[in-house]
Amino acid sequence: MPATLTSKRLRAADDAEAIELCFARGWTDGLPVVPPTPERVVRMLEAAQLQPSHEITYVAHRAVSVTAEKVAINAVMAGCRPEYMPVVVAAIEGIGDPRWSYHGPGTSTAGAAVLLIVNGPIARELDINSGDNLFGPGWRANLTIGRAVRLVMRNVCGSIPGTLDRGTLGHPGKLSFVIAENEAESPWPPLHVERGFRPDQSAVTIVAAAGPRQFYNQLSNTAEGVLTTLADDMRASGNLMGQPHFVVVLAGEHMRTIAGDGWTKAMIREFLYERTKNSYAHLRRTQQMAGAVQPEDETRVRPLVESPDDIFVVAAGGRAGAFSCYIPGWGGKRSSQAVTKEVKR
Amino acid sequence: MIEILDPTVETTTQPIKFVARPGSLAGKRIGLVENTKFNSDRLLQKIGDILVAEHGAADARLWRKHNASVPAHDEIVQEIKATCDVMVAGIGD
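Thresholds applied
Residues numbered from 1 in each chain as written. Chains lettered and ligands numbered in written order. Predicted model: local features only at pLDDT ≥ 70, side-chain atom pairs only at ≥ 80, totals over all residues. Heavy atoms only, no water. Core = buried A, V, L, I, M, F, W, Y, C linked by side-chain atoms within 4.5 Å. Buried < 20%, exposed > 50% of the residue type's maximum accessible area, 1.4 Å probe, protein only. pLDDT = per-residue confidence, 0-100. Helix = DSSP H or I, 4+ residues; strand = E, 2+ residues; numbered from the N terminus. Axes fitted to C-alpha atoms, helices over the stretch in contact; angles between N-to-C directions. Parallel < 35°, antiparallel > 145°, perpendicular 65-115°, else oblique. Left-handed = near helix turned anticlockwise from the far one by under 90°. Contact = heavy atoms within 4.5 Å. Nonpolar A, V, L, I, M, F, W, Y, C, P; charged D, E, K, R; others polar. Buried area = accessible area lost by both parts, 1.4 Å probe. Salt bridge = Lys/Arg side-chain N within 4 Å of Asp/Glu carboxyl O. Polar contact = N/O pair within 3.5 Å; in protein donor to acceptor, adjacent residues only side chain to side chain. Pairing = 2+ DSSP bridges.

Draft legend 1. Fine view of the nonpolar core. A:Met85, A:Ile92, A:Ile95, A:Leu116 and A:Ile145 are the most contacted members of the largest nonpolar core, which totals 65 residues. By size, the runner-up hydrophobic cluster in this structure holds 24 residues, among which are A:Ala223, A:Ile258, A:Phe271 and A:Ala315.

Dropping the structure here:
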(Lines give C-alpha, C1' and ligand atoms only; values in the text may rest on other atoms or scores of the structure.)
Protein backbone atom coordinates (compact mmCIF):
# COMPACT_ATOMS: atom_id res chain seq x y z
CA MET A 1 0.00 0.00 0.00
CA PRO A 2 2.75 2.61 0.70
CA ALA A 3 3.74 2.50 -2.94
CA THR A 4 0.36 3.95 -3.88
CA LEU A 5 0.93 7.10 -1.84
CA THR A 6 1.75 9.81 -4.33
CA SER A 7 2.43 12.84 -2.15
CA LYS A 8 5.84 14.42 -2.31
CA ARG A 9 8.22 13.04 0.33
CA LEU A 10 10.58 15.06 2.48
CA ARG A 11 13.35 13.78 4.72
CA ALA A 12 14.22 14.70 8.27
CA ALA A 13 16.72 13.30 10.75
CA ASP A 14 14.05 12.34 13.29
CA ASP A 15 10.56 13.28 14.54
CA ALA A 16 11.80 16.43 16.27
CA GLU A 17 13.38 17.74 13.08
CA ALA A 18 10.28 16.76 11.10
CA ILE A 19 8.09 18.78 13.47
CA GLU A 20 10.25 21.86 12.82
CA LEU A 21 10.18 21.15 9.10
CA CYS A 22 6.36 21.23 9.16
CA PHE A 23 6.48 24.61 10.92
CA ALA A 24 9.02 25.91 8.40
CA ARG A 25 6.85 24.81 5.49
CA GLY A 26 3.82 26.62 6.89
CA TRP A 27 1.80 23.43 7.32
CA THR A 28 0.66 23.85 10.92
CA ASP A 29 -1.98 25.82 12.83
CA GLY A 30 0.63 27.15 15.24
CA LEU A 31 0.94 24.02 17.35
CA PRO A 32 3.40 21.19 16.74
CA VAL A 33 2.10 18.38 14.53
CA VAL A 34 2.71 14.66 14.47
CA PRO A 35 5.08 14.04 11.54
CA PRO A 36 3.06 12.36 8.76
CA THR A 37 5.23 9.37 7.94
CA PRO A 38 3.98 6.97 5.25
CA GLU A 39 3.39 4.25 7.87
CA ARG A 40 1.17 6.51 10.00
CA VAL A 41 -0.74 7.71 6.94
CA VAL A 42 -1.34 4.15 5.73
CA ARG A 43 -2.76 3.18 9.14
CA MET A 44 -5.13 6.14 8.93
CA LEU A 45 -6.34 5.12 5.46
CA GLU A 46 -6.75 1.49 6.45
CA ALA A 47 -8.92 2.43 9.42
CA ALA A 48 -11.38 4.07 7.02
CA GLN A 49 -10.86 1.43 4.30
CA LEU A 50 -10.01 4.08 1.76
CA GLN A 51 -7.66 4.05 -1.19
CA PRO A 52 -5.28 7.03 -1.22
CA SER A 53 -6.55 8.35 -4.54
CA HIS A 54 -10.21 8.21 -3.51
CA GLU A 55 -11.82 11.65 -3.81
CA ILE A 56 -13.54 12.56 -0.54
CA THR A 57 -14.95 15.75 -1.95
CA TYR A 58 -14.43 18.33 -4.64
CA VAL A 59 -14.43 21.93 -3.45
CA ALA A 60 -15.67 23.76 -6.51
CA HIS A 61 -14.92 27.23 -5.10
CA ARG A 62 -11.27 26.30 -4.83
CA ALA A 63 -11.18 23.95 -7.83
CA VAL A 64 -9.55 21.38 -5.58
CA SER A 65 -10.06 17.65 -5.26
CA VAL A 66 -9.61 16.51 -1.67
CA THR A 67 -8.27 12.96 -1.73
CA ALA A 68 -8.24 10.39 1.07
CA GLU A 69 -4.44 10.56 1.07
CA LYS A 70 -4.38 14.28 1.82
CA VAL A 71 -7.07 13.95 4.48
CA ALA A 72 -5.13 11.10 6.11
CA ILE A 73 -1.87 13.07 6.10
CA ASN A 74 -3.53 16.02 7.80
CA ALA A 75 -5.35 13.76 10.26
CA VAL A 76 -2.02 12.23 11.29
CA MET A 77 -0.55 15.70 11.72
CA ALA A 78 -3.53 16.74 13.87
CA GLY A 79 -2.88 13.86 16.25
CA CYS A 80 -5.91 11.74 15.34
CA ARG A 81 -6.04 8.06 16.19
CA PRO A 82 -6.72 6.00 13.03
CA GLU A 83 -10.23 5.12 14.21
CA TYR A 84 -11.15 8.84 14.13
CA MET A 85 -10.62 8.93 10.37
CA PRO A 86 -14.23 8.08 9.35
CA VAL A 87 -15.48 11.07 11.36
CA VAL A 88 -12.91 13.36 9.74
CA VAL A 89 -13.94 12.06 6.32
CA ALA A 90 -17.64 12.75 7.01
CA ALA A 91 -16.75 16.30 8.09
CA ILE A 92 -14.70 16.89 4.93
CA GLU A 93 -17.65 15.68 2.84
CA GLY A 94 -19.66 18.32 4.65
CA ILE A 95 -17.38 21.26 3.93
CA GLY A 96 -17.30 20.26 0.25
CA ASP A 97 -21.10 20.09 0.01
CA PRO A 98 -22.43 22.90 -2.22
CA ARG A 99 -25.08 23.70 0.41
CA TRP A 100 -22.33 24.37 2.97
CA SER A 101 -20.71 26.51 0.28
CA TYR A 102 -17.02 26.53 1.14
CA HIS A 103 -15.89 29.95 -0.02
CA GLY A 104 -17.86 31.99 2.52
CA PRO A 105 -17.10 30.11 5.73
CA GLY A 106 -13.58 29.33 4.52
CA THR A 107 -12.69 32.91 3.79
CA SER A 108 -15.02 35.45 5.34
CA THR A 109 -13.91 38.36 7.49
CA ALA A 110 -16.69 37.27 9.88
CA GLY A 111 -14.42 34.37 10.87
CA ALA A 112 -16.48 31.19 10.80
CA ALA A 113 -15.31 28.03 12.50
CA VAL A 114 -16.44 24.54 11.52
CA LEU A 115 -18.66 23.29 14.32
CA LEU A 116 -19.00 19.50 14.24
CA ILE A 117 -21.80 17.86 16.23
CA VAL A 118 -21.29 14.11 16.38
CA ASN A 119 -24.24 11.79 16.99
CA GLY A 120 -24.73 8.04 17.14
CA PRO A 121 -22.75 5.09 18.48
CA ILE A 122 -19.38 6.31 17.18
CA ALA A 123 -19.44 9.25 19.58
CA ARG A 124 -19.35 6.86 22.54
CA GLU A 125 -16.91 4.46 20.88
CA LEU A 126 -14.38 7.23 20.24
CA ASP A 127 -15.01 8.94 23.60
CA ILE A 128 -16.04 12.21 21.95
CA ASN A 129 -16.89 14.42 24.88
CA SER A 130 -20.51 15.42 25.43
CA GLY A 131 -20.19 16.44 29.09
CA ASP A 132 -18.00 18.56 31.37
CA ASN A 133 -15.86 21.17 29.66
CA LEU A 134 -17.76 20.51 26.46
CA PHE A 135 -15.82 23.00 24.35
CA GLY A 136 -12.72 22.94 26.50
CA PRO A 137 -9.63 20.84 26.92
CA GLY A 138 -9.18 17.23 27.86
CA TRP A 139 -10.49 15.00 25.09
CA ARG A 140 -8.24 13.86 22.29
CA ALA A 141 -11.05 13.06 19.86
CA ASN A 142 -12.69 16.48 20.25
CA LEU A 143 -9.47 18.39 19.79
CA THR A 144 -7.85 16.38 17.02
CA ILE A 145 -10.83 15.69 14.74
CA GLY A 146 -11.63 19.37 14.40
CA ARG A 147 -7.97 20.19 14.08
CA ALA A 148 -7.66 17.72 11.20
CA VAL A 149 -10.52 19.45 9.37
CA ARG A 150 -8.90 22.87 9.82
CA LEU A 151 -5.53 21.54 8.62
CA VAL A 152 -7.21 20.18 5.47
CA MET A 153 -8.77 23.60 4.94
CA ARG A 154 -5.36 25.18 5.35
CA ASN A 155 -3.16 22.75 3.46
CA VAL A 156 -5.53 21.47 0.77
CA CYS A 157 -8.15 24.19 0.32
CA GLY A 158 -5.86 27.18 0.76
CA SER A 159 -7.62 28.77 3.75
CA ILE A 160 -4.45 30.26 5.17
CA PRO A 161 -4.92 33.12 7.63
CA GLY A 162 -4.00 36.39 5.97
CA THR A 163 -4.48 35.16 2.42
CA LEU A 164 -7.61 33.14 1.65
CA ASP A 165 -8.77 33.04 5.27
CA ARG A 166 -9.49 36.68 6.04
CA GLY A 167 -11.14 36.36 9.44
CA THR A 168 -10.96 39.76 11.14
CA LEU A 169 -10.96 38.22 14.61
CA GLY A 170 -11.39 34.49 14.04
CA HIS A 171 -12.16 32.60 17.23
CA PRO A 172 -10.70 29.75 19.30
CA GLY A 173 -13.11 27.28 17.71
CA LYS A 174 -11.16 27.65 14.50
CA LEU A 175 -8.54 25.40 16.08
CA SER A 176 -11.11 22.70 16.83
CA PHE A 177 -14.86 22.89 17.53
CA VAL A 178 -16.19 19.38 18.05
CA ILE A 179 -18.86 18.15 20.43
CA ALA A 180 -21.04 15.08 20.80
CA GLU A 181 -24.65 15.11 21.94
CA ASN A 182 -25.22 13.51 25.34
CA GLU A 183 -27.57 10.87 23.97
CA ALA A 184 -27.20 8.65 27.03
CA GLU A 185 -28.84 11.20 29.33
CA SER A 186 -30.86 13.31 26.91
CA PRO A 187 -34.64 13.03 27.21
CA TRP A 188 -35.03 14.10 23.57
CA PRO A 189 -34.42 12.60 20.11
CA PRO A 190 -30.83 13.26 19.02
CA LEU A 191 -30.04 15.88 16.40
CA HIS A 192 -29.14 13.41 13.65
CA VAL A 193 -32.48 11.61 14.07
CA GLU A 194 -34.29 14.92 13.73
CA ARG A 195 -32.30 15.40 10.54
CA GLY A 196 -33.35 12.10 9.00
CA PHE A 197 -30.97 9.44 10.28
CA ARG A 198 -31.67 6.34 12.38
CA PRO A 199 -30.55 6.29 16.02
CA ASP A 200 -28.12 3.45 15.30
CA GLN A 201 -26.42 5.41 12.50
CA SER A 202 -23.55 7.71 13.28
CA ALA A 203 -23.53 11.15 11.72
CA VAL A 204 -21.80 14.49 11.88
CA THR A 205 -23.61 17.80 11.52
CA ILE A 206 -21.33 20.43 10.03
CA VAL A 207 -22.18 24.05 10.86
CA ALA A 208 -20.34 27.22 9.87
CA ALA A 209 -20.41 28.93 13.23
CA ALA A 210 -19.44 31.87 15.37
CA GLY A 211 -18.21 31.28 18.92
CA PRO A 212 -20.33 29.89 21.77
CA ARG A 213 -22.03 32.35 24.11
CA GLN A 214 -22.76 31.05 27.59
CA PHE A 215 -25.83 32.21 29.50
CA TYR A 216 -26.76 31.76 33.12
CA ASN A 217 -30.02 31.08 34.90
CA GLN A 218 -29.80 29.72 38.42
CA LEU A 219 -33.06 31.31 39.46
CA SER A 220 -35.80 29.58 37.58
CA ASN A 221 -37.01 26.01 37.92
CA THR A 222 -39.29 26.11 34.90
CA ALA A 223 -38.70 25.59 31.19
CA GLU A 224 -40.23 28.94 30.38
CA GLY A 225 -38.04 30.73 32.92
CA VAL A 226 -34.77 29.28 31.65
CA LEU A 227 -35.70 29.77 28.00
CA THR A 228 -36.85 33.35 28.60
CA THR A 229 -33.33 34.20 29.80
CA LEU A 230 -31.84 32.41 26.82
CA ALA A 231 -34.12 34.20 24.35
CA ASP A 232 -33.30 37.60 25.82
CA ASP A 233 -29.58 36.97 25.30
CA MET A 234 -29.99 35.40 21.85
CA ARG A 235 -32.18 38.18 20.52
CA ALA A 236 -29.38 40.72 20.57
CA SER A 237 -26.85 38.39 18.96
CA GLY A 238 -28.06 38.20 15.39
CA ASN A 239 -26.66 40.21 12.56
CA LEU A 240 -28.72 41.98 9.98
CA MET A 241 -28.15 39.41 7.25
CA GLY A 242 -29.90 36.87 9.46
CA GLN A 243 -28.17 33.77 10.68
CA PRO A 244 -28.75 30.53 8.76
CA HIS A 245 -29.02 28.64 12.06
CA PHE A 246 -28.56 28.87 15.78
CA VAL A 247 -27.28 25.91 17.77
CA VAL A 248 -28.63 25.84 21.33
CA VAL A 249 -26.67 23.60 23.67
CA LEU A 250 -28.56 22.74 26.84
CA ALA A 251 -26.41 21.36 29.65
CA GLY A 252 -27.44 19.02 32.47
CA GLU A 253 -29.32 21.24 34.92
CA HIS A 254 -31.19 23.22 32.29
CA MET A 255 -31.86 20.06 30.28
CA ARG A 256 -33.49 18.42 33.29
CA THR A 257 -35.48 21.54 34.21
CA ILE A 258 -36.82 22.01 30.68
CA ALA A 259 -37.57 18.33 30.07
CA GLY A 260 -39.10 18.07 33.55
CA ASP A 261 -41.78 20.51 32.42
CA GLY A 262 -42.56 18.20 29.51
CA TRP A 263 -41.08 20.42 26.82
CA THR A 264 -39.97 18.79 23.56
CA LYS A 265 -37.23 20.06 21.26
CA ALA A 266 -39.95 21.32 18.91
CA MET A 267 -41.53 23.35 21.71
CA ILE A 268 -38.14 24.81 22.62
CA ARG A 269 -37.50 25.81 19.00
CA GLU A 270 -40.92 27.41 18.62
CA PHE A 271 -40.60 29.34 21.90
CA LEU A 272 -37.15 30.66 21.02
CA TYR A 273 -38.18 31.57 17.48
CA GLU A 274 -41.10 33.65 18.75
CA ARG A 275 -39.16 35.29 21.59
CA THR A 276 -36.04 36.34 19.67
CA LYS A 277 -37.62 38.61 17.08
CA ASN A 278 -36.29 42.15 16.91
CA SER A 279 -38.43 45.12 15.97
CA TYR A 280 -37.31 47.18 13.01
CA ALA A 281 -37.36 50.17 15.35
CA HIS A 282 -34.79 48.51 17.60
CA LEU A 283 -32.59 47.54 14.66
CA ARG A 284 -32.68 51.08 13.30
CA ARG A 285 -32.07 52.72 16.69
CA THR A 286 -29.06 50.51 17.28
CA GLN A 287 -27.67 51.30 13.83
CA GLN A 288 -27.97 47.75 12.57
CA MET A 289 -30.48 48.73 9.90
CA ALA A 290 -30.34 51.79 7.66
CA GLY A 291 -32.98 54.48 7.73
CA ALA A 292 -35.01 56.54 10.19
CA VAL A 293 -37.49 54.84 12.49
CA GLN A 294 -40.99 54.84 11.02
CA PRO A 295 -44.11 54.53 13.23
CA GLU A 296 -44.86 51.02 11.96
CA ASP A 297 -41.32 49.90 12.80
CA GLU A 298 -42.30 49.51 16.46
CA THR A 299 -44.50 46.53 15.62
CA ARG A 300 -42.78 45.26 12.50
CA VAL A 301 -40.48 42.43 13.55
CA ARG A 302 -37.63 40.44 12.07
CA PRO A 303 -36.96 36.89 13.29
CA LEU A 304 -33.41 35.73 14.00
CA VAL A 305 -33.75 32.78 11.64
CA GLU A 306 -36.16 31.93 8.84
CA SER A 307 -37.93 29.12 10.66
CA PRO A 308 -38.01 27.44 14.09
CA ASP A 309 -36.37 24.43 12.41
CA ASP A 310 -33.25 26.55 11.93
CA ILE A 311 -32.67 26.38 15.68
CA PHE A 312 -30.82 23.14 16.45
CA VAL A 313 -31.31 21.99 20.03
CA VAL A 314 -28.51 19.79 21.37
CA ALA A 315 -28.30 18.20 24.82
CA ALA A 316 -24.68 18.43 25.96
CA GLY A 317 -22.44 19.86 28.66
CA GLY A 318 -21.72 19.08 32.29
CA ARG A 319 -24.30 17.78 34.74
CA ALA A 320 -23.63 20.52 37.28
CA GLY A 321 -24.02 24.26 36.73
CA ALA A 322 -26.97 26.37 35.65
CA PHE A 323 -25.33 27.28 32.37
CA SER A 324 -26.08 26.55 28.75
CA CYS A 325 -25.08 28.27 25.55
CA TYR A 326 -26.03 29.20 22.05
CA ILE A 327 -23.90 29.39 18.94
CA PRO A 328 -24.89 31.73 16.10
CA GLY A 329 -24.37 30.28 12.67
CA TRP A 330 -22.14 32.18 10.28
CA GLY A 331 -23.53 34.40 7.53
CA GLY A 332 -26.99 33.98 6.12
CA LYS A 333 -28.96 31.07 4.82
CA ARG A 334 -28.10 31.86 1.22
CA SER A 335 -24.40 31.86 2.13
CA SER A 336 -24.05 28.56 4.01
CA GLN A 337 -26.34 25.88 5.36
CA ALA A 338 -25.56 23.17 7.87
CA VAL A 339 -25.34 19.65 6.47
CA THR A 340 -25.40 16.26 8.18
CA LYS A 341 -23.25 13.43 6.85
CA GLU A 342 -23.28 9.78 7.80
CA VAL A 343 -20.08 8.39 9.28
CA LYS A 344 -19.37 5.42 7.00
CA ARG A 345 -17.50 2.44 8.39
CA MET B 1 16.30 9.40 8.92
CA ILE B 2 12.54 9.52 8.47
CA GLU B 3 10.31 10.44 5.57
CA ILE B 4 7.22 12.60 5.81
CA LEU B 5 4.49 13.27 3.28
CA ASP B 6 3.55 16.70 1.96
CA PRO B 7 0.03 17.58 3.26
CA THR B 8 -0.59 20.23 0.61
CA VAL B 9 -1.99 19.85 -2.86
CA GLU B 10 0.60 19.88 -5.59
CA THR B 11 -0.44 22.56 -8.02
CA THR B 12 -1.47 21.41 -11.43
CA THR B 13 -1.20 23.99 -14.15
CA GLN B 14 -4.45 25.17 -15.61
CA PRO B 15 -4.34 27.42 -18.65
CA ILE B 16 -6.53 30.50 -18.35
CA LYS B 17 -7.05 32.59 -21.46
CA PHE B 18 -7.85 36.24 -21.07
CA VAL B 19 -9.64 38.20 -23.74
CA ALA B 20 -7.45 40.97 -25.12
CA ARG B 21 -8.12 44.31 -23.45
CA PRO B 22 -9.86 46.76 -25.77
CA GLY B 23 -7.80 49.73 -26.90
CA SER B 24 -10.78 52.02 -26.34
CA LEU B 25 -14.12 51.75 -24.55
CA ALA B 26 -15.87 53.74 -27.30
CA GLY B 27 -19.09 51.93 -28.20
CA LYS B 28 -18.37 49.01 -25.88
CA ARG B 29 -21.15 47.42 -23.82
CA ILE B 30 -20.21 47.35 -20.15
CA GLY B 31 -21.40 44.61 -17.75
CA LEU B 32 -21.30 45.27 -14.03
CA VAL B 33 -21.53 42.45 -11.45
CA GLU B 34 -22.35 43.47 -7.92
CA ASN B 35 -22.05 41.14 -4.94
CA THR B 36 -25.13 42.27 -2.91
CA LYS B 37 -23.14 44.02 -0.19
CA PHE B 38 -24.55 47.34 0.97
CA ASN B 39 -23.96 50.11 -1.62
CA SER B 40 -22.02 47.86 -4.00
CA ASP B 41 -24.74 48.42 -6.62
CA ARG B 42 -24.48 52.20 -6.28
CA LEU B 43 -20.68 52.17 -6.47
CA LEU B 44 -20.60 49.98 -9.57
CA GLN B 45 -23.36 51.89 -11.33
CA LYS B 46 -21.43 55.10 -10.68
CA ILE B 47 -18.36 53.53 -12.30
CA GLY B 48 -20.51 52.41 -15.22
CA ASP B 49 -21.92 55.93 -15.64
CA ILE B 50 -18.40 57.38 -15.74
CA LEU B 51 -17.35 54.84 -18.38
CA VAL B 52 -20.32 55.91 -20.51
CA ALA B 53 -20.02 59.67 -19.93
CA GLU B 54 -16.26 60.08 -20.07
CA HIS B 55 -15.04 57.13 -22.13
CA GLY B 56 -17.79 56.71 -24.70
CA ALA B 57 -19.04 53.28 -23.68
CA ALA B 58 -22.38 52.38 -25.28
CA ASP B 59 -24.11 51.44 -22.02
CA ALA B 60 -23.53 49.94 -18.61
CA ARG B 61 -25.86 47.26 -17.26
CA LEU B 62 -25.86 45.86 -13.75
CA TRP B 63 -26.16 42.19 -12.77
CA ARG B 64 -26.51 40.87 -9.24
CA LYS B 65 -24.91 37.72 -7.83
CA HIS B 66 -26.99 35.54 -5.52
CA ASN B 67 -24.81 36.65 -2.60
CA ALA B 68 -21.28 37.74 -1.79
CA SER B 69 -20.14 34.28 -0.71
CA VAL B 70 -20.68 32.43 -3.96
CA PRO B 71 -19.32 32.76 -7.49
CA ALA B 72 -21.49 34.47 -10.08
CA HIS B 73 -24.08 31.94 -11.22
CA ASP B 74 -23.96 30.50 -14.67
CA GLU B 75 -27.13 32.20 -15.86
CA ILE B 76 -25.68 35.71 -15.49
CA VAL B 77 -22.25 34.61 -16.73
CA GLN B 78 -23.87 33.41 -19.97
CA GLU B 79 -25.94 36.59 -20.29
CA ILE B 80 -22.89 38.77 -19.81
CA LYS B 81 -20.88 36.75 -22.30
CA ALA B 82 -23.65 37.15 -24.85
CA THR B 83 -24.38 40.85 -24.35
CA CYS B 84 -21.24 42.62 -23.09
CA ASP B 85 -17.81 43.46 -24.40
CA VAL B 86 -16.24 44.52 -21.10
CA MET B 87 -17.12 43.72 -17.55
CA VAL B 88 -16.39 45.21 -14.16
CA ALA B 89 -16.72 43.22 -10.96
CA GLY B 90 -15.82 44.27 -7.49
CA ILE B 91 -16.15 43.27 -3.90
CA GLY B 92 -17.94 45.70 -1.65
CA ASP B 93 -17.30 45.07 2.03
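Still to come is the rest of the account.
Draft legend 2. Spatial organisation of the confidence of the model for chain B. Residues and elements named next belong to chain B. On average, residues of chain B score 89 in pLDDT, and 96% of them are at 70 or above. Looking across chain B, the model is least confident in strand β4 (residues 86–89), with a mean pLDDT of 90, and most confident in strand β1 (residues 2–5), with 98. The ipTM, which scores confidence in the relative placement of chains, is 0.93 for this predicted complex, and the corresponding pTM is 0.93.

Draft legend 3. Layout of unusual backbone geometry. Residues and elements named next belong to chain A. You will see that Gln-49, though not glycine, has its phi angle at about 55 degrees, which is positive. Here the phi dihedral of Ser-101 falls at roughly 60 degrees; this positive angle occurs in a residue that is not glycine. Following the sequence through the fold, Ser-101 ends up in the loop between α4 (85–95) and α5 (103–107). Overall, the relative accessible area of 5% leaves Ser-101 in the buried class.

Draft legend 4. Molecular detail of the packing of helix α9 (residues 223–235) of chain A against helix α11 (residues 265–275) of chain A. All names here are of chain A. Axis separation between α9 and α11 bottoms out at 9 Å; the angle between their running directions is 45 degrees. Between α9 and α11, the angle is such that the two are oblique. For α9 against α11, the interelement crossing comes out right-handed. In contact with Glu-224, Leu-227, Thr-228, Leu-230, Ala-231, Met-234 and Arg-235 of α9, α11 contributes Ile-268, Phe-271, Leu-272 and Arg-275. Here the contact of α9 with α11 is built from residues that sort into 7 nonpolar, 1 polar and 3 charged.

Draft legend 5. How the structure looks around the interface of chain B and chain A. If you look at the interface, chain B gives 17 residues, while chain A gives 35 residues. In total, about 2,300 Å² of surface goes out of reach between chain B and chain A, with carbon and sulfur atoms giving 60% of it. Where A:Arg9 meets B:Glu3, a salt bridge forms, and the shortest distance between an N and an O atom there is 3.0 Å. Across the contact surface, chain B and chain A share 12 residue pairs in polar contact (both at pLDDT 80 or more). Here the side of chain B that touches chain A is built from residues that sort into 9 nonpolar, 4 polar and 4 charged. The sheet contact formed by strand β1 (residues 9–12) of chain A and β1(B) spans 4 bridges and is antiparallel.

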